[in-house]
Every structure is written in C-alpha cells, then in structure tokens.
Protein chains: 2
Amino acid sequence: MAVTSAGTKPVSTALFTDKYELTMLEAALADGSGARPCVFELFARKLPAGRRYGVVAGTGRLLDALPAFRFGDAELAVAAEFLEPSTVEWLRNFRFSGNIDGYREGDFYFPGSPILSVHGTFAECVLLETLALSIFNHDSAIASAAARMVSVADGRTLIEMGSRRAHEEAAVSAARAAYLAGFDSTSNLEAARRYGVPAAGTAAHAFTLLHTTAHGRNEASAFHSQISSLGVGTTLLVDTYDITQGVATAIEVAGPELGGVRIDSGDLGVLARQVRRQLDDLGARRTKIVMSGDLDEYAIAGLRAEPVDAYGVGTSVVTGSGAPTAGMVYKLVEVDGIPVEKRSTAKESRGGAKRATRYARRTGTVVEEVIYPEHLEVPTGEGQTATALTVPLVRGGEPVPGLPTLEESREYLKKSMVSLPWEGLTISAGDPAIPTRFVTAATGR
Amino acid sequence: MAVTSAGTKPVSTALFTDKYELTMLEAALADGSGARPCVFELFARKLPAGRRYGVVAGTGRLLDALPAFRFGDAELAVAAEFLEPSTVEWLRNFRFSGNIDGYREGDFYFPGSPILSVHGTFAECVLLETLALSIFNHDSAIASAAARMVSVADGRTLIEMGSRRAHEEAAVSAARAAYLAGFDSTSNLEAARRYGVPAAGTAAHAFTLLHTTAHGRNEASAFHSQISSLGVGTTLLVDTYDITQGVATAIEVAGPELGGVRIDSGDLGVLARQVRRQLDDLGARRTKIVMSGDLDEYAIAGLRAEPVDAYGVGTSVVTGSGAPTAGMVYKLVEVDGIPVEKRSTAKESRGGAKRATRYARRTGTVVEEVIYPEHLEVPTGEGQTATALTVPLVRGGEPVPGLPTLEESREYLKKSMVSLPWEGLTISAGDPAIPTRFVTAATGR
C-alpha cells in the first residue's frame, strides 16, 4: 500500500465518539425528540486544584474537525452493527447545521464559564459531545499549564519539547496549545507543518555518544560535526560527560561565537551560574544557556534569578503539569426554550442558555466575570469596561468568516495576561483570579 | 474536499518526530558516523512513585506505525526547509531496515527493563526515537493504571469511558491499552473499529433532560423511549433527579427484567446498597448496578464490599491515574560493539546491548528480573524457571511473522498477573514487585 502524507486529506472524525451518543440518537429519532431545538454548553465546573485561571484552547481544532464529522461507508458499517437501518441512513446524510457560540480561543476561563454554546436539534448537537470534549479537555489542559510557565519565564525563551512523553497525535496538538499560550517553539515537526509552529532543536546525548571510538570518548568530534553541519549558531549539549570540560571543549571547537550550550541534568541553578561564568571567562559572552530536564513552572520560577536564556520544557507541559485534562463537561441546558438541569446529590449544572461578560476597571484590570441568561440585556458596568466573552463561531454549520488565526489568538492571550490581577498570575495555589457571578433570569442581576 | 474514512489509508508517521532527530541525522550522514551500527534501548529509569509494576503497551501500535514511517513529498518539503538536499534525498529513500527485539506487549516491566532494543545504523535508529517513545510512554501509562483497576475490580466488569477527557486520537489508543490490561469494553467507536475492542454504552443525563416538556420533567418518557429502542436489557441512568424515584420509575417502565441501572454521582457505596435493596424489593434481582463518576483504583477498591456489578471508568484510566506518561527514554547504548553511556551528575544509563530474563519459583511466583549483556549466556536458575523476556519483533525492518494479536497479549497479561507476589498486586504505594538485577559483562553474574 502506498503511504500518503498525513494531513493532506480530511479523514472522518465521526467515530471519535462514544457509542451512547449514537444509541441516544436512535431512541430520540424514534420518539421524535431528536428534532427538538436544544442548547448544549461546554464548561468546567472547577479549575484544577489551586489554579487561578484556565486558558481556552481547542476552538480552532474543533472548527477544523467539524466539516469532517461525516459518516462515510466505513463509519456507517460500524454504526450498522448496533443501529437500525433508518438511523444509519440518517447518519449518511448528517452534517451539523446548527450554530455555535463560544469564548475566543486564547481567552481565560473560570469555573462555570460557558466556553461553548451549541445550538441545534438534539440529534445534531448530541453527536458532537465526545469530539468537542476531547479537543477542549486536552488542548485547554495544555494551554492552561503552558500559560503559567510563560508567565514565570518572564520573557525568556520557552521551547516545547515534550512530544516523546505524549501520544504522537496529542503531541502535535500539545505543541499547538503551548504555542498558543506563549511558548516560542516546539520540537515537533508535524506541529510545524500542520500549524506553522516554529520548530527548534539541536542534538541529543546519543549524538555525542555516537562519536565514541575504540580509543574512547570523543566529545570534540561530535561538536565539530554538529558545527560543520549546523554552523556556530547552534546549541551544543554539554552534559554528556563532565559539564565543565564539555563547555571548555564546546568553545574550543566553536569559538566564542557559539550560539548556545544546553544542560539537561544536574542542579540547574548552580550549573547556570558556573557555566555562565565559565563562558564569560572564555570570552563567549553572547553564548546562550539553554536549560532542560524535568522543568515545570515551579522549577522555572526557581531559576528566575539565574543566568538562563531559554528553557526546554517536556513532560510537564504536555501532561498539563499535574492536570492532564481540563475536566470540562458538555451539558444539555435548554430544550425547546425550557431551561433544564440535572438535580442529584452532586454535580449540578445550571439550566438555560447563557452568555458571559467580563468587567474590568478603567485601568484594564479585570474584576469579575458575569454569566447571564442568553435573552437578558447585559448591563454595561458603571465605571467599568465590559467585554462580551461569547462570540459567534459557527452559523448554519459553517465557521463564521474571519475567525482569528492561531497567531492572532496567541497575541490575544498575551495581551490579556496583563489584565489579570497580579495575584491571579502567581503560580502558588489559590482561588480563581476573579470571581464568577451567575445572574438568574428571575433576579436579572 | 471529499471526506474519506479514517484508518483506511496508511498516512505517513514520519513527522511525529523531533526536529533534532533530523539535524543529528544530517550531521551524522555528513561525517560518516550515521552508518555506524548502533543499539538503542527504550526503558523506564523508574516506575511512577509507589507503583509496583508497569505493563508494556504500544508494541502493536509501533509495529503498525513502522511501515508508514516514510517520507513522502509533503514530509520532504518540511525537511527541505532546514536540511541539505542530500539529506532530503536520503530521507526520500529511507525505510527502517534494522532489527528490533523487545518485551512482549502485555508483559510487566520494572525499572531498567530493556523494553525495546533497536539495532541498525545510527541514522535509521535515531529517527525512530520520538515516535517509539510517544507510543510506549502513552500506551504503557494507560495500561499500567488500567491493570491496577482490573486487579482490584476482582472479576467485575470494567468499562472504559474516558474518551472525552483525552485527546481524540489518544482516546482511541487509551481504549486499546485499557482493553489490553483487562478492561471489558470501551465507549469509543473508533477503538471498536480500529482494534476490535467491544463497544459499550447506553444513555447520558441529556437524554432524560431532553424529555422535559412544558409540563415539567418526564423521566418515565425518557426510559420508555430508551427501552423501546434498545430493549429491556439496556442500562437506565437513574440519577438525573432523585435516585430512589429514578429506580422506581425504571422498574415501573421496564419491569423486573431490566438489564441494569447506572448511578453516576453521589456516595456510591451507600447508593449501591440502597439501590440493590430497592431493586431486590421490586423483584428486579438480576438487574445489574453500574457505577461511574470519577472512579479510580482506590474508589473501586473502596466499593469492593458493595453490590456493584460493573464500573465505568473515565478520567483516571485515560490519564494514567496520576501518571499520564510512563517516563520512558530511548538511549544509545552501543556503537560498533562498544558500550556507551552518559555520565553526568544525574541520569545515568547502562551501556551495552542487553536482554532480560525473569525467574520464578516452581509455584509460578516470579522472584527476580535479571538484565544480561546481550552476548552472555543466560543461566537457567537453579530450582527456578527462567523466562526469556526479550523476543524478536522486527527483522530487516519487517515485523516477525506470528506476533501476538491484541487478544493474545491481553490473555498473556491476564495469566501473568497471578505470577506476581501478592504484595506486588496491592495498590498501596511500595517498591517494585520484584527486584531487578543487572549483570555486568565484567562479572558475568
């Protein structure tokens, strides 16, 4: 079989779906309720423990996946194993034709924020549940963790290099989400191709070890080879053997114009100072120091006073730094204009379609997020600026023209970061950066 | 653009790769070292904190991905942006033609176990690093967590329903890994299609809420609809409103032959007893109780004494229950027959190609895993049975014929579980279930 290139053809996304979406569909089509107009909302009941904010990510990927949410023969064959022929025929003709509103990609979210509002018949909306949640739960978990790292890195370069610690497809989406959140580049080539994320990378320990001969180690030979291939602007990995010797050899081979050295193990703070001093003494004052090796936002914060120029972050960013999923849910909130909600011992949801507004002081610092019933008029805050958080994303099944690009969403988040109260930007555990208030239809405020 | 079916065409897996693999390749091809015969090993330095064993998963997926690790025009276009034309031409003709040995999929692993040994030229082996690690780190993390749940579920049914909490493609692989580890079924339809994992699922709260009318809630109408569509063997979700009322309505509508009821929230232990009593009182003695709602291995263990028939597990299994990645690494251990290893302040690796044997008492209980230099003869343990853990997987780039199917690997693990010492099967934190001993070439033992 010929191997084709990934990403050149849209493949069906319809089976990234839980079986029960389709059995519910069948029962709802049979009893007529499948045609009822509904609103589903996607939101997180809470933030991961101690987190101050979440970052919405996945919107762009959902909009890419939506046109491919179609059932071809192969998907229908799976459905036909447990569905009636009439349901299978319905699926053959299915395309989502409803409306979707939601938060901008790259915006903050807090507990209860209606990140996505999906309007359509029950039948068409219920089918999107698993796919929408998969995308938002993954991408938002990564972006939320990444934003904390960006915030503590305080302008220093951040390279996402965690592909190897994540599922190969999740790694591509993780690279996108980290970039959205402000990372500078990724190691992942598929993310570079698919999303235009700048790719970075130099060499691994294996490359130095490869230059071992019967006469023993030969770090200098590995460095020579890398420089003759990539130029003196490259970054040499100096901790395969002895770091001090590695740095000395690096400058000996490359000269003081060497682009950078990378250190991937050891006590990074101590090493950063030592290596900076050594580089300066060797005249390599502009050679950058890149640190990697199990860094997370706390380790990055710990290195804040050290002479580190760039951080390579792997495991922690692609696994959401302790929160690998955003815990978002997709709930039916309105049927035929009637607000509905689950009422049981736990796990409440709030009925009725909603939209959200965030209020800020004149200084730009946000103070409160308010969730309104969709039909209520939203007050402009007195002495405050009000930003509508709910914007149109899909109309009649088609993405609204002119939605922001990944770069634009990245820029949007970058600007928004300064609007959070300063204590909301700390990485220490605490409450959400701003309170969320729910306005009920009854009170109007 | 026409939408084609996922999985019907092999798409290239070549760009699931870190950029530095390709820049190392270019430098190594240029200086001649790319042709040196090498051995890379894939292993975990340690298990996640407190874990007693890991489960190898991903082997089958790697072997599926290997033939598609080819550079077509689209992949070469990406490579051409930063590589010399001669390297691009080399990639155009590339196919992996080396040998791979490794542990059986579904076998246990412990710290240092050489799960995969990749033999070939540096150039061809280094390219596989990211893809191999992505697959094994993800799949083994899921299987290792899932096996703990299977072990404490003690024969009760386990349904994997976590797709919505994981990246949409990772969810498919997670369903496969959980099934390998002994889960009975998955909610994920793509996993059913791609890997033949049995699919399960009934209804969500949305389906009950959908049947709300202007006159108010109508749980009975939702139950009627589900039963007329799926039959009385279905499982009804009874916790949308009041659980006791929900159970009463369910049996009223379905009769005592109802297949099952599902409870997704609340104090599951207390509810299980109450609902069992209520069902029995209503004559529904064979109606099963399915519990879901943030279950992990500890919650499942806590429900051991309760009358629960099946567990639906979501978030915890697809995120590895606290360990979302297995932390495996891919290290160059031998060049031209010379053992090589990194020596720095931390992160040691052991040089030289290795193979592994596990020793068991005559009773079948394993006692020790021993890692030998590849060329040494492995002693048959005195009074013990020795099982070679390293088996051929790929020869000359082609998968060895007759490798186990997913079902066979699942069966293999199931049988192996009873070989662990009993304390190694507990879910409480502790040391690895058995010690691993490294035999050096120098001592021979």
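Given the structure is predicted, the values throughout are model-derived calculations rather than measurements.

The rules behind each value
Residues numbered from 1 in each chain as written. Chains lettered and ligands numbered in written order. Predicted model: local features only at pLDDT ≥ 70, side-chain atom pairs only at ≥ 80, totals over all residues. Heavy atoms only, no water. Axes fitted to C-alpha atoms, helices over the stretch in contact; angles between N-to-C directions. Helix = DSSP H or I, 4+ residues; strand = E, 2+ residues; numbered from the N terminus. Parallel < 35°, antiparallel > 145°, perpendicular 65-115°, else oblique. Left-handed = near helix turned anticlockwise from the far one by under 90°. Contact = heavy atoms within 4.5 Å. Nonpolar A, V, L, I, M, F, W, Y, C, P; charged D, E, K, R; others polar. UniProt positions renumbered as here; feature names shortened; annotations may be inferred. Buried area = accessible area lost by both parts, 1.4 Å probe. Salt bridge = Lys/Arg side-chain N within 4 Å of Asp/Glu carboxyl O. Polar contact = N/O pair within 3.5 Å; in protein donor to acceptor, adjacent residues only side chain to side chain. Pairing = 2+ DSSP bridges. Domains from an automatic or database assignment. Phe/Tyr/Trp six-rings, centres within 6.5 Å; stacked < 30°, edge-to-face > 60°. Buried < 20%, exposed > 50% of the residue type's maximum accessible area, 1.4 Å probe, protein only. Lys NZ or Arg CZ within 6 Å of the ring centre and 35° of its normal.

**Q** Can you help me understand the packing of helix α6 (residues 129–153) of chain A against helix α7 (residues 168–180) of chain A in this one?
**A** Residue and element names in this part refer to chain A. Between α6 and α7, the least distance of the axes is 8 Å, while the angle of their chain directions is 45°. Between α6 and α7, the interaxial angle falls into the category oblique. Of the two elements, α6 crosses α7, and the hand of that crossing is right-handed. For the pair α6 and α7, the contacting residues are His-138, Asp-139, Ile-142, Ala-143 and Ala-146 in the first and Ala-170, Ser-173, Ala-174, Arg-176, Ala-177, Ala-178 and Leu-180 in the second. Considered class by class, the residues forming the contact of α6 with α7 number 8 nonpolar, 2 polar and 2 charged.

**Q** Can you walk me through the UniProt feature "domain: Nicotinate/nicotinamide phosphoribosyltransferase" (unreviewed entry) in chain A in this structure?
**A** Mapped onto the present numbering, the UniProt feature "domain: Nicotinate/nicotinamide phosphoribosyltransferase" (unreviewed entry) falls at residues 158–303 of chain A. For the annotated span residues 158–303 of chain A, helix accounts for 48% and strand for 11% of the residues, and the straight-line distance between the end C-alpha atoms is 13 Å.

**Q** Hey, could you run me through the side chain of Glu-129 of chain B in this one?
**A** Among the secondary structure elements, Glu-129 of chain B is positioned in helix α6 (residues 129–153). When residues no more than four places from it in sequence are discounted, the contact partners of Glu-129 of chain B are Arg-164 of chain A together with Tyr-20, Glu-21 and Tyr-330 of chain B.

**Q** Any chance you could explain the interface of chain B and chain A here in plain terms?
**A** Accessible area lost upon the coming together of the parts is a frequently used measure of interface size. Listed by partner, the interface residues are 113 residues for chain B and 112 residues for chain A. The largest share of the area that chain B buries against chain A comes from Arg-164, Leu-189 and Leu-210 of chain B, three residues that together contribute 9% of it. At the surface where chain B touches chain A, the tally comes to 12 salt bridges. With a closest N to O distance of 2.6 Å, Arg-61 of chain B and Glu-168 of chain A form a salt bridge. Remark: the boundary between chain B and chain A carries 50 residue pairs in polar contact (both at pLDDT 80 or more). Among the elements that make up the side of chain B that touches chain A, the one with the highest residue count is helix α1 (residues 19–31) of chain B (10 residues).

**Q** Any chance you could explain the sheet that holds strand β7 (residues 185–186) of chain B here in plain terms?
**A** Within a sheet, adjacent strands bond to each other through the backbone by hydrogen bonds, running parallel or antiparallel. Residue and element names in this part refer to chain B. The parallel open sheet is built from 6 strands, whose spatial order is β7-β6-β11-β10-β9-β8. Two strands in the sheet have a free side with no partner beyond their single neighbour: β7 and β8 (235–237). Pairing of β8 with strand β9 (residues 260–263), which is carried by 3 bridges, proceeds in the parallel orientation. Considered in β9, the bridge of Leu-236 is made with Val-261.

**Q** Can you walk me through the packing of helix α1 (residues 19–31) of chain A against helix α4 (residues 85–92) of chain A in this structure?
**A** Helix-helix packing: each pair is described by the crossing angle between the helix axes and the interaxial distance. All names here are of chain A. Across the interface, α1 lies against α4 with an axial gap of 10 Å and an inter-helix angle of 105°. Relative to α4, the element α1 lies roughly perpendicular. On α4, the residues touching Leu-22, Leu-25, Glu-26 and Leu-29 of α1 are Thr-87, Trp-90 and Leu-91. Class assignment for the residues of the contact of α1 with α4 results in 5 nonpolar, 1 polar and 1 charged.

**Q** Looking at this structure, I do not really get the domain arrangement of chain A. What am I missing?
**A** Residue and element names in this part refer to chain A. Segmentation of chain A into domains returns domain 1 (19–142 + 323–438) and domain 2 (154–318). Distance between the C-alpha centres of domain 1 and domain 2: 38 Å. On the side of domain 2, 19 residues touch domain 1, which itself brings 16 residues to the contact. Of the roughly 1500 Å² buried where domain 1 meets domain 2, counting both sides, 63% is carbon and sulfur surface. Three residues stand out in domain 1 for area buried against domain 2, namely Ile-142, Leu-406 and Arg-410, and they jointly supply 44% of the buried area on that side. There are 1 salt bridge connecting domain 1 and domain 2. Among the ionic pairs, Glu-105 bridges to Arg-176, the shortest N-O distance being 2.9 Å. When residues of the side of domain 1 that touches domain 2 are traced back to their parent elements, those giving at least two are α2 (59–65), α6 and α15 (406–417). With 5 residues, α15 is the largest single contributor of residues to the side of domain 1 that touches domain 2.

**Q** Is there a simple way to explain the packing of aromatic side chains in this structure?
**A** Aromatic ring pairs are reported here in terms of the distance separating the ring centres and the angle at which the planes meet. Counted by the stated rule, this structure contains 14 aromatic pairs over all chains. Between the aromatic rings of Tyr-53 of chain A and Phe-108 of chain A, the centroid separation amounts to 5.3 Å while the plane-to-plane angle is 70°, which identifies the pairing as edge-to-face. Taken together, the residues span a long stretch of sequence, with Tyr-53 of chain A in the loop between β1 (37–44) and β2 (54–55) and Phe-108 of chain A in strand β4 (residues 108–109) at a distance of 55 residues. As far as burial versus exposure is concerned, Tyr-53 of chain A and Phe-108 of chain A are alike and both buried. Seen from their ring centres, Phe-69 of chain B and Phe-94 of chain B are 6.1 Å apart, and the 80° between their planes marks the pair as edge-to-face. Residue Phe-69 of chain B is located in the loop between α2 (59–65) and α3 (73–80), and its partner Phe-94 of chain B is located in the loop between α4 (85–92) and β3 (99–102); the two are separated by 25 residues in the primary sequence. Side by side, Phe-69 of chain B and Phe-94 of chain B carry an identical accessibility label, which is buried. Pairwise contacts between aromatic rings join Phe-69, Phe-71, Trp-90 and Phe-94 of chain A into one cluster. The ring of Tyr-195 of chain A is capped by Arg-176 of chain A, whose NZ or CZ atom sits 5.4 Å from the centre of that ring. The residue whose ring lies beneath Arg-410 of chain A is Tyr-179 of chain A, and the NZ or CZ to ring-centre distance is 4.1 Å.

**Q** Explanation requested: the pattern of salt bridges in the structure shown.
**A** Oppositely charged side chains can pair when the atoms bearing their charge come close. Residues and elements named next belong to chain B. Taken as a whole, this structure holds 54 salt bridges over all chains when the rule is applied. Between Arg-92 and Asp-73 there is a salt bridge, with its nearest N and O atoms 3.2 Å apart. With a gap of 19 residues between them, Arg-92 in helix α4 and Asp-73 in helix α3 connect regions that are remote in the sequence.

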